[in-house]
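Structural characterization, general
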Amino acid sequence: MAEQTRRLVLGGATAGVVARCRDFTRRALTDWLWPEGTEAEEDLLLLVSEVVTNACLHAGGPRELVLRHSPGLLRVEVSDHSGEPPVPRAARDRSLPGGHGLILLERLAKSWGSAPSPDGRPGKTVWLEVPAPAPRP
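Residues numbered from 1 in each chain as written. Predicted model: local features only at pLDDT ≥ 70, side-chain atom pairs only at ≥ 80, totals over all residues. Heavy atoms only, no water.

What follows concerns the sheet that holds strand S4 (residues 111–116). Taking strand neighbours across the sheet as the criterion, the five strands line up as S1-S2-S3-S5-S4 in an open arrangement whose pairing is antiparallel. Only two strands of the sheet have a single neighbouring strand rather than two, namely strand S1 (4–9) and S4. Averaged over all neighbouring strand pairs, the angle between strand axes comes to 15°, with direction disregarded. Here strand S2 (residues 62–70) pairs with strand S3 (residues 73–80) via eight bridges, running antiparallel. (Pairing = 2+ DSSP bridges. Helix = DSSP H or I, 4+ residues; strand = E, 2+ residues; numbered from the N terminus. Axes fitted to C-alpha atoms, helices over the stretch in contact; angles between N-to-C directions.)

Turning to the nonpolar core, a few remarks are in order. The biggest cluster of nonpolar side chains holds 28 residues, and the ones touching the most others in it are Leu44, Leu65, Leu74, Val76 and Leu128. Put simply, the parts of the chain that give this core at least two residues each are helix H1 (17–31), helix H2 (39–58), S2, S3, helix H3 (101–108) and strand S5 (124–131). Counting residues per element, this core draws most heavily on H2, which supplies seven residues. Setting aside its immediate chain neighbours within four residues, valine 76 contacts Leu44, Val48, Leu65, Val66, Leu67, Val126, Trp127 and Leu128. (Core = buried A, V, L, I, M, F, W, Y, C linked by side-chain atoms within 4.5 Å. Buried < 20%, exposed > 50% of the residue type's maximum accessible area, 1.4 Å probe, protein only. Contact = heavy atoms within 4.5 Å.)

Relative to the assigned elements, threonine 25 resides in helix H1. Aside from chain neighbours lying at most four places away, what touches threonine 25 is Leu44, Leu45, Val48, Leu65 and Leu67.

Unfilled space is identified by rolling a water-sized probe across the atoms. Roughly 200 Å³ of volume is contained in the second largest pocket. Every element with two or more residues in the lining of the second largest pocket is listed here: S2, S3, S4 and S5. No other element matches S2, which puts four residues into the lining of the second largest pocket. Classifying every residue of the lining of the second largest pocket gives five nonpolar, three polar and eight charged. (1 Å grid on protein atoms, 1.4 Å probe; cavity = no way out; pocket = protein on both sides within 12 Å on 5 of 7 lines; lining within 4 Å. Points joined across faces, edges and corners; volume = space filled by probe spheres on them. Nonpolar A, V, L, I, M, F, W, Y, C, P; charged D, E, K, R; others polar.)

It is worth spelling out the state of the cysteines at this point. All chains considered together, the criterion is met by zero disulfides. Not part of a disulfide, cysteine 21 finds its nearest cysteine sulfur in cysteine 56, a span of 7.8 Å. Note on cysteine 21: relative accessible area 0%, which makes it buried. (Disulfide = S-S within 2.5 Å.)

Of note, aspartate 43 is situated in helix H2. Separated by 66 residues in the primary sequence, aspartate 43 and alanine 109 have C-alpha atoms spaced 8.7 Å apart.

Dropping the structure here:
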């Protein structure tokens, strides 16, 4: 099976965007025959929520969500308009609310990181990868 890609253009929206991204991801997982109601599915939806929320809170809203599915791996990419890389809570002011999203990425994702926008536009892409479970029969 070749890589399958789904792209959701968001344009920096913030209102209702987390639910929209979760729904988009859930539909893609269903199409890719991921086992429904599993820990793997719930963990992935949580990670999508966290990365999109971070884009809303710290980067003016996500520009787009891209899902790349290949045998054994799912990569999630959230692009935004800020060139600032994600900063773990330990490096920020602990008196600020939140700060648990990157901790969840560390614990639940196989790997994650960020990269400057490849097209020369201002911004970055935060990405994460998780193992893809065997498709349901």
